[in-house]
Each structure stands twice: as C-alpha cells, then as structure tokens.
There are 2 protein chains.
Amino acid sequence: MAENWKSGINVAADRIAGRVVRTPVLTSTALMPGREVALKLEQMQHTGSFKARGAFNTMLGAPVPSAGLVAASGGNHGAAVAHAARALGHRAHIFVPEMAGPAKIALIRETGADLTVVPGEYANAMQMAQDYETRSGAMQVHAYDTPLTVAGQGTCLREWEDQGLQADTVLIAVGGGGLIAGALGWLGGARRVVAVEPETSCALNAAIAAGHPVDVEVSGVAANALGARRIGQICFDLARTHDVRSVLVEDTAILAAQRALWQAHRQLVEPAGATALAALLSGVYVPEPDERVAVLVCGGNVAPDPFP
Amino acid sequence: MAENWKSGINVAADRIAGRVVRTPVLTSTALMPGREVALKLEQMQHTGSFKARGAFNTMLGAPVPSAGLVAASGGNHGAAVAHAARALGHRAHIFVPEMAGPAKIALIRETGADLTVVPGEYANAMQMAQDYETRSGAMQVHAYDTPLTVAGQGTCLREWEDQGLQADTVLIAVGGGGLIAGALGWLGGARRVVAVEPETSCALNAAIAAGHPVDVEVSGVAANALGARRIGQICFDLARTHDVRSVLVEDTAILAAQRALWQAHRQLVEPAGATALAALLSGVYVPEPDERVAVLVCGGNVAPDPFP
C-alpha cells in the first residue's frame, strides 16, 4: 500500500508539472530562539493553497465529462478547482458555505466558475454539490477523500524532499485530511508527522479517540479552511497505520503564529496556514533539543483580502 | 575594481552568514502570460528588507565605538541597523523622517533602539544623524553610499546566483542605490541590470541625464523607501561603468504590481518592493521574446502593518 501511494504521487507529480507552482522553502531562525524551523511556503501556490495540486491531478487523472466539474468547498478547494478547470478548458460549478467568507468567494468568482453560496457550513455545501453531480452528470472533485486528490496533495511533500528537506518531524494542519494523507502516503514512516488541528475543529483527533471517523462540531478562526465535520477515511487509515501524533491548538495560538509569520518573514497567511506553526510556537508540540522540525504553511487566503 | 567588489562581497557573505536570512527564490509563470519571471523574495529578510545585509556587514567590518551606532533612514535601513545592533550587543540611535510612517517607526521602536522622528524628509534626518555622530562619537551606518554597505547588499545577488539564478536581465528598484550598486559590484557586466525608479523619486535617472549626481524632489507611494534626494556616488559610478539602463514607472504601475504579487503568490510587499516588477508588468521594460528576466523584490514593510 505504501508503495502504491508513492507510485501514485510520482505519477501525479509528472502529471501536474508546469501547472502548479514549485513553492519556495525557507529555513527560519527568527521564529523560535535557538532553533531552526524549515518552512514550506505552499500558500504561494496558485489560488493561495496546496489545493491546486489535488485539483489538477484529479482533472488530469480521469476523463472529465462535458458537464464539467463540481466541487464543494470551504473556499480554498473551490478556488483551486475553478482555477484548474479554467486552465484546462472545463466548466466548473462550485458550492461554498457562507462561512467561506467574502475573500474566498470573490476569489472563486474571479475565475469565471459558476458559484452557489450555501447557507450554513461545509456539509451543507457538500450535500448541494452531490445533488448537482447527480442532476448534471458533472464530475465531483472531492476536497480530500479520494486517491487522486490525496496523491495530488502528496506532491507537496515529494517536492519538499526534492528541495532538500532536513527534518525529523513535519507538522501539518488538518481539516478533512487530504494534505496530511498525501504527506503520509509519500513519507510512509520515514519522518514523524504531527497532525495539528484547532481545538474547535478537530475531526482527526476525535476519530482517533473514537477509533473511527465521527462527526464533530466546527467553529473558530480557521474553520473556513479546516472545518471538516468528519475526517476522510483515507486520512484516518493512513494516520492509524503510521501512528500519527495528533495535537490541538487554541485559536489564540493560531492568531499568534499568524502574527509571528508576518513579523519574522513578512508572510501574511490565513489562520489555517499558521495552524501547524502554532503547535510549535505555543509549546503544544515540544521537540527534543536535537530534533529537526519542519512546518508546512498551507494557505494564504486571509480575510479581509488586502486587495479587495 | 570589479575584482575588488567581488572580493569585498565574498568577504561580506562570510561575515554575515548565519545572521541574515537566505531568502527564497521563486520562478513565477503567474505574473506574465507566457513568460517565466524569476523572483528573489528579499522582503523575507530580517526587518523586512535587504538592508539587514549592509547593516551587519558594516558593524562586523569595522570596530564599533562604545557610543554605538547612528543611522538616518526612511525606515527600512533604520530598522535593519537597530536589529543588527541589538543582535550584536551595540547601542543604536536611529533618525527617521516623519514620512517613514507609523509601521516602520513602530518596527524600529520594537528593537529597543533610541529613535528620533524628524519633521520632513530623509535629508533632514540625515542632517540630524550627522550632528549626532559628531556630538556622540557614534559610528554612522550609511544607508547606501559606503563600501561596506554596498558590499553587504551585494551578497543578495551572490546568494541568488548560488541558488541557481537563470536570467539575462535583472530588474532592481533604486532609491539611494546601495542595492543596485552591490548587484553591479557582484555581477560586473555578466548580466544586464535595469534600474527602476518611480517617476516621482528618480535620483539615478536624473544623475545619468545630468552626467553627475544632482538633487531631486521626492514624493509618491514608494518615497519612504526609495526617496533619496541624491543618488550615491558609488552607485552612480558603477551605473556609468556598466551602462545601466534606467527606467521610470508611474505610481499606478507600482500599485498594480503590488496587487499582482498578492494575487499571484500571496506576497504582500510595500510599494518599493513592487517597483522593479512594475517596470515589467506595465511594459516600461519590454524584454525580447527569449530574454530571461529576474526581479528583485526588496521590501515588505507595507503600511498599514497588518498586525499593528
């Protein structure tokens, strides 16, 4: 199974090459006194998050019907699907919950995709997207729980290793789990992976406690990106296989990490993009003295958009 | 002379290694249709601009008196001197003009340096800094027109080449000329260098026209970073030796480039940091079809600070 993921991620990387940004990495000594932190700045990706990887891989990895594509999204996935669809000449219909917020909604609208804003949270948008899929024959691009999406997101870790990643431990924020699943698929057990969730949106943590995916309530500052009500099955299985450490951070720690990224390196990211770093800066995850740590910065669609 | 600069920049690079950020590079296909643009993201440097390089090189390259350091600055240089002084355990007194603005003034204040805000423009702050130097015995760290400052800034291009820069042409914004002088010192004639100035702050352009440095009026959106009243002599001499192409951009083009960096890669930079890119995006500098272009993004201290 591990080899299958590696191979799927290699295929994905070839498939999406030239269509996604090879995002920069940075070794920071300014975030934590006396410790280097390796950062992958994936918020520089097209549409401001890693989601473009899975979106392109999905559209290039399966035949797209003439009815085009449909996606439900807290915002980032929808923007990525809309962007990839436009780049590849497909129609797209995106369903977003109101909680996505005006910045992300505007980002999707700019791509020219059809857009429906759904009252309530992500699960409501997902329901409407499924109805549309049935009705229209469009292809659903799932935000996190299909092999093509997960393999696409896994190219982020593959790229990071190709850029010379030096780390014993990689901290990754978790919403529905597509990114961390891709990371685990690529890394296998080669490095320790720490799953970081907001206390108020912790579908993986709750699933690990229950022994299977369960529904959770979602709220808080990162909810429009990390607020999946239930962890993806692919993520859950990979997390259990690799005995992933799951930690939770408070909203105040997320906001402090967001500020720290600006102050240290002038990187303005959304709360979800600072969530993995928050575990480190707040002391929720304390590395050993000689442990080399890396943090994946995953999204930059801050609200309000500085250029509305 | 070319060899002297190269050697001085090599010495500077060794001297400041570990004290400055090795800033990331990015190849963007999202900024200009059909063209790759290589970016050096120097706004991720400590205190948000390349100025930390020259500040550290100056303090490590000459004995610092017990009276410490003094600098006059539109903001970025002052913050860099204050930061480097604190890191090395020196006192520092920074003189900034009011036009530096609250974000940069707060940035300097945070370092614990002594700070005097001077009415009017940069030249007034420079006068007061010179008076303080005479009175106190502190060492002046010039913002752009000394060999140590220029050699420090030159390490930015040395680093970029070490990171695999592929470019026929490098576009660099010019204020007093320290950064472009360092670039010319390092590159010699090896690549074409384009000097980009705002129409409203164009000390190098005016000096080239006059045949020698002359005073200019300064204003516009980038004035608090690029608003030197007179180009540095070192820069002027190097620009003439290497027959630098000087171009001017409108404020509206600078603001459009600032927006483009956010939209393409979620990089929020100050107007000065987007000025070099503005020449490319506005068509003021039009590369040949096969010409490989690179843009140095030099500062990120946008006002207002998103985390005041």
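Rules of the game
- Residues numbered from 1 in each chain as written.
- Chains lettered and ligands numbered in written order.
- Predicted model: local features only at pLDDT ≥ 70, side-chain atom pairs only at ≥ 80, totals over all residues.
- Heavy atoms only, no water.
- Helix = DSSP H or I, 4+ residues; strand = E, 2+ residues; numbered from the N terminus.
- Contact = heavy atoms within 4.5 Å.
- Areas by Shrake-Rupley, 256 points an atom, 1.4 Å probe, with all protein chains shown as cover.
- Lys, Arg positive; Asp, Glu negative; His and termini not counted.
- Charge placed at Lys NZ, Arg CZ, Asp CG, Glu CD.
- Pairing = 2+ DSSP bridges.
- Axes fitted to C-alpha atoms, helices over the stretch in contact; angles between N-to-C directions.
- Parallel < 35°, antiparallel > 145°, perpendicular 65-115°, else oblique.
- Left-handed = near helix turned anticlockwise from the far one by under 90°.
- Nonpolar A, V, L, I, M, F, W, Y, C, P; charged D, E, K, R; others polar.
- Salt bridge = Lys/Arg side-chain N within 4 Å of Asp/Glu carboxyl O.
- Buried < 20%, exposed > 50% of the residue type's maximum accessible area, 1.4 Å probe, protein only.
- Buried area = accessible area lost by both parts, 1.4 Å probe.
- Core = buried A, V, L, I, M, F, W, Y, C linked by side-chain atoms within 4.5 Å.
- Domains from an automatic or database assignment.
- Polar contact = N/O pair within 3.5 Å; in protein donor to acceptor, adjacent residues only side chain to side chain.
- Phe/Tyr/Trp six-rings, centres within 6.5 Å; stacked < 30°, edge-to-face > 60°.
- Lys NZ or Arg CZ within 6 Å of the ring centre and 35° of its normal.

### Quick look at the overall build of chain A
Across its full length, chain A carries 12 helices and 10 strands. Each of the three principal axes of chain A carries a C-alpha extent, and together these read 55 × 40 × 40 Å. Summarising the internal contacts of chain A: among those between residues at least 6 apart in sequence, 70% fall at separations of at least 24. In the structure as shown, chain A presents an accessible area of about 11,000 Å², 50% of it carried by carbon and sulfur atoms. Of the side-chain charges in chain A, 23 are positive and 28 negative, and the distance between the mean point of each set is 5 Å.

### A short note on the sheet that holds strand β5 (residues 114–118) of chain B
Spatially, 4 strands are ordered β5-β4-β3-β6 (chain B) in an open sheet, and the strand pairing comes out parallel. At either end of the open sheet lies a strand with only one pairing partner, and these are β5 and β6 (139–140) of chain B.

### Notes on the packing of helix α2 (residues 51–61) of chain B against helix α3 (residues 76–88) of chain B
Residue and element names in this part refer to chain B. Closest axis-to-axis distance for the α2/α3 pair is 8 Å, and the angle between their directions is 45 degrees. Overall, the two elements α2 and α3 adopt an arrangement that is oblique. For the pair α2 and α3, the crossing hand works out as right-handed. Where α2 abuts α3, its residues K51, A52, A55, F56, M59 and L60 lie against N76, H77, A80, V81, H83, A84, A85, A87 and L88. Here the residues of the contact of α2 with α3 are counted per class, giving 11 nonpolar, 3 polar and 1 charged.

### Overview of the pattern of salt bridges
All names here are of chain A. Following the criterion strictly, the structure yields 18 salt bridges over all chains and no others. For the salt bridge of E270 with K104, the shortest nitrogen-to-oxygen distance reads 2.6 Å. One end of the pair, E270, is in the loop between α11 (251–265) and α12 (271–281); the other, K104, is in helix α4 (residues 101–110), with 166 residues separating them in the sequence. Residue class for E270 comes out buried when judged on its relative accessible area of 1%.

### Overview of the pairing of strand β4 (residues 92–97) of chain A
Residues and elements named next belong to chain A. Counting buried positions over the 6 residues of β4 gives 6, a clear majority of the element. Residues A92, I94 and V96 of β4 are buried on one face, and the alternating residues H93, F95 and P97, pointing to the opposite face, are buried as well. Pairing of strand β3 (residues 69–72) with β4 involves 4 bridges; the strand directions are parallel. Counterpart to V70 in the pairing with β4 is H93. Strand direction decides the pairing type here: β4 and strand β5 (residues 114–118), joined by 5 bridges, are parallel. Note that in β5 the partner of F95 across the bridge is T116.

### Some points on the interface of chain A and chain B
Across the boundary between the two partners, chain A contributes 31 residues, which contact 31 residues of chain B. Buried surface at the junction of chain A and chain B, summed over both partners, amounts to about 2,400 Å²; 59% is from carbon and sulfur atoms. One can count 0 salt bridges joining chain A with chain B. Those elements that provide at least two residues to the side of chain A that touches chain B are β1 (25–32) and α11 of chain A.

### Quick word on the sheet that holds strand β2 (residues 35–41) of chain B
Residues and elements named next belong to chain B. A sheet is described by the order of its strands in space; here 6 strands give the open sequence β1-β2-β10-β7-β8-β9, paired in mixed fashion. Where the open sheet ends on each side, the last strands, each with one partner, are β1 (25–32) and β9 (245–249). With strand direction ignored, the average angle separating the axes of adjacent strands in the sheet is 30 degrees. Relative to strand β10 (residues 293–297), β2 is paired through 5 bridges, and the arrangement is parallel. Each residue of the ladder has a partner; that of V37, found in β10, is V293. Against the sheet, helix α12 (residues 271–281) contacts β1, β2, β7 (169–173), β8 (192–198), β9 and β10, and its axis sits at roughly 135 degrees relative to β7.

### Observations regarding the nonpolar core
L39(A), L171(A), L280(A), V295(A), L39(B), L171(B) and V295(B) are the most contacted members of the largest nonpolar core, which totals 60 residues. Filtering out sequence-adjacent residues up to four positions away, V295(B) remains in contact with V37(B), A38(B), L39(B), K40(B), W160(B), L171(B), A276(B), L277(B) and L280(B).

### Observations concerning the domain arrangement of chain A
All names here are of chain A. Each assigned domain of chain A is listed with its residue range as follows: domain 1 (2–49 + 146–297) and domain 2 (51–140). Contact with domain 1, which involves 28 residues of that partner, is made by 26 residues of domain 2. Sorting the residues of domain 1 by area buried against domain 2 places R19, T47 and N224 first, and these three jointly supply 29% of that buried surface. Linking domain 1 with domain 2 are 3 salt bridges, by the criterion used here. For E42, the salt bridge identified is with R53, shortest N-O distance 2.6 Å. The interface formed by domain 1 and domain 2 includes 12 residue pairs in polar contact (both at pLDDT 80 or more). Here the side of domain 1 that touches domain 2 takes 8 residues from helix α6 (residues 147–162), the largest share from any one element.

### Concerning the side chain of Q153(A)
Residues and elements named next belong to chain A. You can see Q153 is positioned in helix α6. The exposure class assigned to Q153 is buried, which follows from its relative accessible area of 1%. Q153 has contacts with F50, K51, R53, G54, A143, G178, L179 and G182, leaving out every residue within four places of it along the chain.

### Quick look at the packing of aromatic side chains
Residues and elements named next belong to chain A. The tally for this structure, following the rule as stated, stands at 4 aromatic pairs over all chains. With 6.4 Å between their ring centres and 40 degrees between their planes, Y122 and Y144 make a pair best called tilted. Of this pair, Y122 sits in helix α5 (residues 122–136) while Y144 sits in the loop between β6 (139–140) and α6, and the two are 22 residues apart along the sequence. Across this residue pair, the class does not change: Y122 and Y144 are buried. In this structure, K6 packs its charged tip against the face of W186, placed 4.0 Å from the ring centre.

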